[in-house]
Amino acid sequence: QAEKEPGVEDPYYCLSDFVAPLDTNVKDYIGCFAVSVMGAEEMAKKFDEEMDDYSVIMVKALADRLAEAFAEQLHERVRKELWGYCSDELLDA
């Protein structure tokens, strides 16, 4: 658990706070996604060997944003289509 700032009363949650304890005998689940941008690490290494720091930063930043975007899209698809527990969800960004 993260250390709280002085005076902050809001709870700091972790994943285990959202899973039913064993002694409740509730069959509970937690889902996770692992996404990656294949080839980005090798591309960044190539730019690093060429001492092209700007391109290293850009490749890593773009790979990070693409992975995050894919995780968001996958999560939406799971909620709306595959598991269907939020099929009518309309979220504004």
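What comes next is a walk through the structure. (Residues numbered from 1 in each chain as written. Predicted model: local features only at pLDDT ≥ 70, side-chain atom pairs only at ≥ 80, totals over all residues. Heavy atoms only, no water.)

Remark: helix α1 (residues 40-49) packs on helix α2 (residues 53-82), axes separated minimally by 8 Å, with the N-to-C direction vectors making an angle of 170°. Of the possible angle classes, the one that applies to α1 and α2 is roughly antiparallel. Of the residues in α2, those in contact with Ala40, Met43, Ala44, Phe47 and Asp48 of α1 are Ser55, Val56, Val59, Lys60 and Ala63. Broken down by class, the residue content of the contact of α1 with α2 amounts to 7 nonpolar, 1 polar and 2 charged. (Axes fitted to C-alpha atoms, helices over the stretch in contact; angles between N-to-C directions. Helix = DSSP H or I, 4+ residues; strand = E, 2+ residues; numbered from the N terminus. Parallel < 35°, antiparallel > 145°, perpendicular 65-115°, else oblique. Contact = heavy atoms within 4.5 Å. Nonpolar A, V, L, I, M, F, W, Y, C, P; charged D, E, K, R; others polar.)

The phi torsion at Asn25 lies on the positive side, around 60°, for a residue other than glycine. Mapped onto the fold, Asn25 is located in the segment before α1. Unusually for a residue other than glycine, Met51 sits at a positive phi of about 60°.

Here we come to the environment of Lys80. Along the chain, the position of Lys80 falls in helix α2. Among the residues examined, Lys80 registers a relative accessible area of 25% and is labelled partly exposed. Contacts of Lys80, omitting those with residues within four sequence positions, involve Cys86, Ser87 and Glu89. (Buried < 20%, exposed > 50% of the residue type's maximum accessible area, 1.4 Å probe, protein only.)

The next point concerns α1. Within the span of α1, buried status applies to Ala40, Ala44 and Phe47. Along the axis of α1, the buried residues cluster in a sector spanning 60°; they form a single face. Among the exposed residues of α1, those oriented more than 90 degrees off its buried face are Glu41, Glu42, Lys45 and Glu49. Buried residues along α1 sit in contact with α2. Met51 sits one or two residues past α1 and shows a positive phi near 60°. (Arc of directions from axis to C-beta.)

Right, let's talk about the pattern of salt bridges for a bit. The tally for this structure, following the rule as stated, stands at 4 salt bridges. Between Glu76 and Lys80 there is a salt bridge; the shortest N-O distance is 3.0 Å. A residue pair is termed a helical-turn pair when its members lie 3 or 4 positions apart in one helix, as Glu76 and Lys80 do in helix α2 at 4 residues. (Salt bridge = Lys/Arg side-chain N within 4 Å of Asp/Glu carboxyl O.)

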